[in-house]
Structures are given as structure tokens and as C-alpha cells.
Amino acid sequence: MNLIGLRLCEHDSNISFYDGKNFYYYKSERDFQTKHHAFDNLWEWKEIVYKVWNLKEKDIDDTAIVLDPWRHKLPMNNEEFFPAIENYPHTPFKASRLNHHYAHALSTEVMYDDIKGHIIIDGYGDWNQAVTIIKNNKVIKKLRVSENESLGQLYSRTAAKAFQIQAPHAEDIAGKLMGLQSYGRIDQDFYKTLNRFTFENIGDVFNTGLFIDFKKNEMLAGLEKLSWIATIHKKTGELLVDYFKKFFKKNDSIGYSGGVAQNVLWNTELKKHFPNLKILPYCADEGLSVGAVEYLRRKYKLNKPIIENFPYSQSDEAPPTQPTSKTLKQVAKALSNNKLVLWYQGHGEIGPRALGNRSILFNPFNKKAREIVNRVKNRETYRPFGASVLKEDAHRYLKNPIDNPYMLYVSDITNSKLYGIKHVDNTCRYQTVDIDQSKTFYNLLKEFKKVTGESILLNTSLNIGGKPIMGFKKNLLSLIEHPDIDMIVFGNEIIKKYGKSNIN
């Protein structure tokens, strides 16, 4: 049986395919190399599934879609539905339209069997939905944008506007603000004034007028904007914890998804109170087509799909070879000599984090690491870099690290010489690497440890200057002449070494 899940909304289009046994995933931005790419139509996906999976429309048994109707100029007379509109009448093919937040929830259950319930928080789901609590496949609570405002929009639009943060796409603004707010200090007196608010009136917390009134001077408030955002950021994390406590007990297995679930600082606070919190690397809209396929799987009572080598599940170009021990030694030696490496292995990760298959790697002990990598990435100097560390050695560098294979939490740095990955607040977003998840990346870290005695690397996503993560060898070749890139590794092929290309 061939089932297709579609996310054809205003950003981050993606497609999932389940053939009754195996699962396949495609994100259009990796193919088109346009960050947050979205289809302008409802038909091009058919060409994609034929090109990528050799699947013709007549071979598809059923389809489920997560849709922003305004994107495609469709009627908006029914945005309050759950869980789906069967045989949605406005698509030029047979499809069920799945509730946006329900698709988020189902995408988590693909990987976990013990979920007690879900909380989904994003900019908005189906137009007016900001938060949904789901238990036993039923909605038990909703917060609407029109009544309660939206944390996702408040953070990425209202708060970011105060700092004039720029990005080609609005979806990238929140991540920039998350890094910037760490430069502020908590204004304890202003913080106390926020104690009267709850998560359900989060819009009041983000009201800039409160800070102006507190300072009794608009200019003074403007000069202390970093203190303002740091303070409300901390308060918001606490309000999130309080809100979770209304619906879940400490040891409940909780599925958490939506765009807001990408905030690693809030995630870390939640994880302290809810140790069984479950967040997947595609927790934002990249996972919606996964949830759509799961809806169809349940509809037809099929077995759960086999998702091999998760989360390295992109249907992109995989190298024909894997690095030999000789190649791993060469790369580790280059990294120990402060060479910048573009590392392309296997299939790409699902989600926006580089987890060792599509990575830019550098020695985090180099005092100029941030300067060098930022020249390649072409991004703001205030933003932090993540790190990858052998799981068994994480305690050597981090304070009370937890298992964090998808780089969704932070920890305090305990080694002051980790100049490249230590943020201004002494934290680092990190990935714990074990051999079961990524044998190749694990072995590279082991080789680096043999050479240097250290088992941690600066790891940032393999993309340049506003482009999405690379999905094809030709993307790598476009950077062959970049002066700051010392080594490019594609599988076992070293395309560039110390400034010299191996391409004829």
C-alpha cells in the first residue's frame, strides 16, 4: 500500500511516503536550495514523488495533507476541525486534510509508543490555533491567537522587531533572538512585576509598554532592551513549566512539538521538570508530512514503518562510499590542525540541526574558531555555535549533561578553553554521539580523540549565507574555491584538501 503525506503550506514544504513497510522523506528546500521553500501550487508534488521515488499518481492509494488554504487561494470557511476533513473538496486529488496540530502530535508518536499526551505550541496551526493539548487522540484544551495571542508570533515578530533583526524568511528570526537575548542581564525588579501573569496571557509579558512604564522613561527602556528580552525570556520559560504542570505529572511521557519546541533554552527548563519529555528533530513544520502519513497508517491499520538510520532520512544524494579508517585519520588530523572541514555523509538529517551527516566541523579549542567559521557561514557574530561530543565523554566538558542526540537542549560549559562553542552565558547547545546513532561520525570523534585527547567538535549545519542545508554533491562543488574552506569530504572522497581541489 502506498500512502503519501503532504505539507504544502506557506513555508517548509515536505513530503513523506510509506509503502506499507518502509518510510521515505523529502524536503523541497534541499532540492531547490531555497531556504524554507514552499510550493505555490497543489500539483508539483506529483512530479516530485515520481522523480524521487518513481511513484506514479495511479500507484498512490491514499493521501493526507496539511494545508494553509490562503497559500493556495482556497476557502477558509472551516478552520475549526479535528482530527481531519475526509475527502477535502478543494484539492485536485483525493486527500484528507489533517488538523495541523494533530499532525504534529502524530509525528511524535511515529517514534515513541508511550506518549501520555501532547502539547503543541507554534506561531499558529490552522489559522487561529496557538496551543493545543491532546490526550487519547482528543483535544482537551486550545489557546487561540485571537484570544490568548501566540508565543511563536510574539517571540519571532513582536520581540524581534524591537531589535530590528533581519532575515530573508521570518522563520529564521526566532533562532537569532534566542542567541541575542543571552547578552542581557535579568532585571530582578522588573522580573518581580511579571509574577502576576500566566502563560494564558503571555501577550502581556511581551508588552514592551510594561518595561517603559517600569523604567518611567522610554529612552532609558530603549537603552536596556537586552535586559528586557533576557528577563521576559526567563519568565516565559517558567510560565511554560507552570502550564505543562496543569496537564501533566512529572514522570509522564510528553510529546512536545511545534516551532516553539525548537527553543533549546526553554526545552532545557522543561526537561528538568519533565524528564520524559519527548522532542524530535523535526518538531517544527518539517514533521507535518510525517504526521500525515501516520494518520493514514492508522486509518488502514498497518504496521508502523521501518525508519532506518533515523534521523538521517532525507531522500537526497548519498555518497556511494563511506570513509575508510585512513580517511577518518586524515580528517581528524586536519581538524586538530585547525582546518575547516565540510563533512557530507550518508543521507541528510530530518530537521534543521546538523547531526553529523551534513556538518561544518572545526576545532572548538581554537581562539579564532567563531571568527573563522562565521566567515564561511556569513552570519551574525553574536550567534552561538553547537557542538558534538562522544556521549561517554560529555561529562568532561558539560555540567550535568543528558542524553541529547538531536541537539535540542543546552548545558553549561565546564572547560573554559572551549572558545568556539561557549556562548556569552557559558552555555552550549550540544549533541551526544553514540555508535548506534551514527557510526561514521562516532568514529571520526574517536579519531579526533586519539590525535588530541579531546572528543568534542564545533558542529554547525552544512549551509552557507541563508541557503538551506546541502543535499547534493553539486552544492559542495560550488564552494570548492572558498578560501576559508580547507577540506571537503564527500563519503570517502576528499574533494578538497588544504586549498587544493581534487576535481579535474
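In this text, all values refer to a predicted model and were calculated from it rather than measured experimentally. Numbers given to residues run from 1 along each chain, matching the order in which its sequence is written. Only residues with pLDDT of at least 70 get local features here, since the model is predicted, and only at 80 or more are side-chain atom pairs given and counted; chain-wide, interface and lining totals rely on the full set of residues. Heavy atoms from the whole structure form the basis of all side-chain values; hydrogens and water molecules are not counted.

A. Structural context of the overall build of the chain. The secondary structure listing takes helices from DSSP runs of H or I that are at least 4 residues long and strands from runs of E that are at least 2 residues long, numbered from the N terminus. Helix and strand content of the chain: 17 helices and 20 strands. For a compact globule the rule gives 2.2 Å times the number of residues to the power 0.38, and the radius of gyration it is set against comes from C-alpha atoms. For 504 residues, the compact-globule formula gives about 23 Å, and the C-alpha radius of gyration of the chain, at 23 Å, lands near that figure. Reported as C-alpha extents along the three principal axes, the dimensions of the chain are approximately 65 × 60 × 40 Å. For every residue, the accessible area (1.4 Å probe, protein chains only) is compared with the maximum for its type, and the residue is labelled buried under 20%, exposed over 50%, or partly exposed between those bounds. Sorting the 504 residues of the chain into buried and exposed places 60% on the buried side. Residues are treated as being in contact if the distance between any of their heavy atoms lies within 4.5 Å. For the chain, long-range pairs separated by at least 24 residues make up 68% of all intrachain contacts whose partners lie at least 6 apart in sequence. Method for areas: the Shrake-Rupley scheme with a 1.4 Å probe, in which residue coverage is limited to the protein chains shown. As displayed, the chain has an accessible area near 20,600 Å², and 47% of this comes from carbon and sulfur atoms. His is not counted, nor are the chain ends, whereas Lys and Arg count as positive and Asp and Glu as negative. Note on charges: their place is set at NZ of Lys, CZ of Arg, CG of Asp or CD of Glu. Averaged over its 71 positive side-chain charges, the chain has a centre that lies 5 Å from the centre of its 58 negative ones.

B. Here's a closer look at a nonpolar patch on the surface. Patches in this entry comprise residues that are over 30% relatively accessible and not in a salt bridge; like charges within 9 Å are linked, as are nonpolar side chains (Val, Leu, Ile, Met, Phe, Trp, Tyr) within 5 Å. Each salt bridge in this description consists of a side-chain nitrogen of Lys or Arg and a carboxyl oxygen of Asp or Glu lying within 4 Å of one another. A grouping of Y183, L226 and V424 is seen on the molecular surface, where their side chains present a nonpolar patch of about 240 Å² in accessible area. Topologically, L226 is positioned in helix α11 (residues 225–247). On the basis of relative accessibility, which here comes to 31%, the residue L226 falls in the partly exposed class.

C. Just the packing of helix α5 (residues 151–161) against α11, in detail. Relative orientation of the contacting elements α5 and α11 amounts to 175°, with a least axis distance of 13 Å. Taken together, the axes of α5 and α11 lie roughly antiparallel to each other. Residues L151, Y155 and A159 of α5 touch α11, and the partners they reach there are W228, I229, H233, T236 and L240. Three classes are used, and their members are as follows: Ala, Val, Leu, Ile, Met, Phe, Trp, Tyr, Cys and Pro are nonpolar, Asp, Glu, Lys and Arg are charged, and the others, Gly among them, are polar. Residue classes in the contact of α5 with α11 are distributed as six nonpolar, two polar and no charged. Structural elements are reduced to axes, namely lines fitted to C-alpha atoms, with helices fitted over the stretch in contact, and the angle between N-to-C directions of any two is expressed from 0 to 180 degrees. Throughout this description, any angle smaller than 35 degrees is read as roughly parallel, any larger than 145 degrees as roughly antiparallel, any in the 65 to 115 degree range as roughly perpendicular, and the remainder as oblique.

D. Molecular detail of the side chain of D12. Along the chain, the position of D12 falls in the loop between β1 (3–8) and β2 (14–18). Judged by its relative accessible area of 5%, D12 falls in the buried class. As used in this structure description, the phrase polar contact means that two N or O atoms lie within 3.5 Å; if the pair is within protein, one of them must be able to donate a hydrogen and the other to accept it, and residues adjacent in sequence are counted only when both atoms belong to side chains. Polar side-chain contacts of D12 include one of 2.6 Å to the side chain of H11. A polar contact is formed between the side chain of D12 and the side chain of H36, at a distance of 2.9 Å. If sequence neighbours within four positions are ignored, D12 has contacts with R7, K27, E29, H36, H37, A38, E171, D285 and E286.

E. Fine view of the packing of α5 against helix α6 (residues 173–180). Axis separation between α5 and α6 bottoms out at 9 Å; the angle between their running directions is 60°. The orientation of α5 relative to α6 falls into the category oblique. As for how α5 packs across α6, the hand of that crossing is left-handed. Every residue of α6 that contacts α5 at Y155, S156, A159 and A160 is listed here: I173, A174, L177 and M178. Each crossing is labelled by how the near helix is turned from the far one, with a counterclockwise turn of less than a right angle marking it left-handed and a clockwise turn marking it right-handed.

F. Representation of helix α14 (residues 325–336) in the model. The length a helix should cover is 1.5 Å for every residue beyond the first. Its twelve residues give α14 an end-to-end C-alpha distance of 16 Å, which sits within 8% of 16 Å, the value for a rise of 1.5 Å per residue. Looking only at α14, the buried set comprises T327, L328, V331, A332, A334, L335 and S336. The inward-facing, buried residues of α14 abut β12 (341–344), β13 (358–362), α16 (439–452), β17 (456–461), β18 (487–490) and β19 (493–497). A positive backbone phi angle near 65° is found at N338, which sits one or two residues after α14.

G. Region of interest: the pairing of β1. For β1, the buried fraction is high: six of the six residues fall into the buried class. Side chains L3, G5 and R7 of β1 all project onto a buried face; the interleaved residues I4, L6 and L8 project onto the opposite face, where all are buried too. Whether two strands pair depends on DSSP finding at least two bridges between them. As paired strands, β1 and strand β4 (residues 62–67) are joined by six bridges and run parallel to one another. Across the sheet, residue R7 finds its bridge partner in β4, namely V66. Both β1 and β2 contribute to a ladder of five bridges, which runs antiparallel. Bridged to L3 within β2 is Y18. Connecting the antiparallel pair β1 and β2 is a turn made up of five residues, with D12 showing a positive phi of about 60°.

In short, the description is geometric, and any link to function would need to be established separately.
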